[in-house]
Amino acid sequence: QVQLVESGGGFVQAGGSLRLSCTASGIIVSINAMGWYRQAPGKQRELVAAISSGGSTRYADSVRGRFTISRDNAKNTVYLQMNSLKPEDTAVYSCGGGGKYANDYWGQGTQVTSY
């Protein structure tokens, strides 16, 4: 059974930073595409950042240069470091994993609010 458990969300002043963690079980993050998605109220879910099994990364234009996705293979965990947060980054952030687009499996999501 695959489980993705996010943590690290919260409230932060604009310009601040947060680091989200996604701890996986039942799936090996080092050999699967993993990603962070977000969904703001009234908007569609969007891909924020993804990391391939080979370690290449890609980002949404809106977060490139501010957010960094990484993984710790020993901890089977994926991270999203978010710097220079803006109010428009406010959303529920979810970890996705597996499949071509890192969306075969989902975590429960964690709220990030920048004010």
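For the structure itself, consult the block above.
What comes next concerns the included structure. (Residues numbered from 1 in each chain as written. Predicted model: local features only at pLDDT ≥ 70, side-chain atom pairs only at ≥ 80, totals over all residues. Heavy atoms only, no water.)

Some remarks on the state of the cysteines
Turning to step 1, where the next piece is worked out: Counted by the stated rule, this structure contains 1 disulfide.
Turning to step 2, where the next piece is worked out: Paired through a disulfide, Cys22 and Cys95 show a sulfur-sulfur distance of 2.1 Å. Its torsion about the S-S bond being -75°, the disulfide of Cys22 and Cys95 is classed as left-handed. Taken together, the positions of Cys22 in strand β3 (residues 18-25) and Cys95 in strand β9 (residues 91-97) put the pair 73 residues apart, joining distant regions of the chain.
Turning to step 3, where the next piece is worked out: Here Cys95 falls in the buried class, since its relative accessible area comes to 0%. (Disulfide = S-S within 2.5 Å. Helix = DSSP H or I, 4+ residues; strand = E, 2+ residues; numbered from the N terminus. Buried < 20%, exposed > 50% of the residue type's maximum accessible area, 1.4 Å probe, protein only.)

Notes on the packing of aromatic side chains
Turning to step 1, where the next piece is worked out: According to the stated counting rule, one finds 1 aromatic pair in the structure shown.
Turning to step 2, where the next piece is worked out: The positively charged end of Arg45 is found above the aromatic ring belonging to Trp106, 3.8 Å away from the centroid. (Phe/Tyr/Trp six-rings, centres within 6.5 Å; stacked < 30°, edge-to-face > 60°. Lys NZ or Arg CZ within 6 Å of the ring centre and 35° of its normal.)

As for the pairing of strand β4 (residues 34-39)
Turning to step 1, where the next piece is worked out: The buried count for β4 comes to 5 of 6 residues, which makes it a mostly enclosed element.
Turning to step 2, where the next piece is worked out: When β4 meets strand β5 (residues 46-51), the two strands line up antiparallel, connected through 5 bridges. Each bridged residue has a counterpart across the sheet, and for Met34 the counterpart in β5 is Ile51.
Turning to step 3, where the next piece is worked out: The antiparallel pairing of β4 with β5 creates a hairpin that spans 6 residues between the two strands, and Gly42 there sits at a positive phi of about 75°.
Turning to step 4, where the next piece is worked out: Sheet topology note: the β4/β9 ladder contains 6 bridges and is antiparallel. Looking at the pairing, Gly35 lines up with Gly96 of β9. (Pairing = 2+ DSSP bridges.)

Some thoughts on the pairing of strand β8 (residues 77-82)
Turning to step 1, where the next piece is worked out: Along β8, 5 of the 6 residues are buried, which leaves the element largely enclosed by surrounding structure.
Turning to step 2, where the next piece is worked out: Both β3 and β8 contribute to a ladder of 6 bridges, which runs antiparallel. Looking at β8, one finds that Cys22 is bridged to Val78.
Turning to step 3, where the next piece is worked out: Note that strand β7 (residues 67-72) and β8 share 6 bridges and pair antiparallel. Bridged to Thr68 within β8 is Gln81.
Turning to step 4, where the next piece is worked out: Linking two consecutive strands that pair antiparallel, namely β7 and β8, is a turn of 4 residues; a positive phi of about 50° is found at Asn76 within it.

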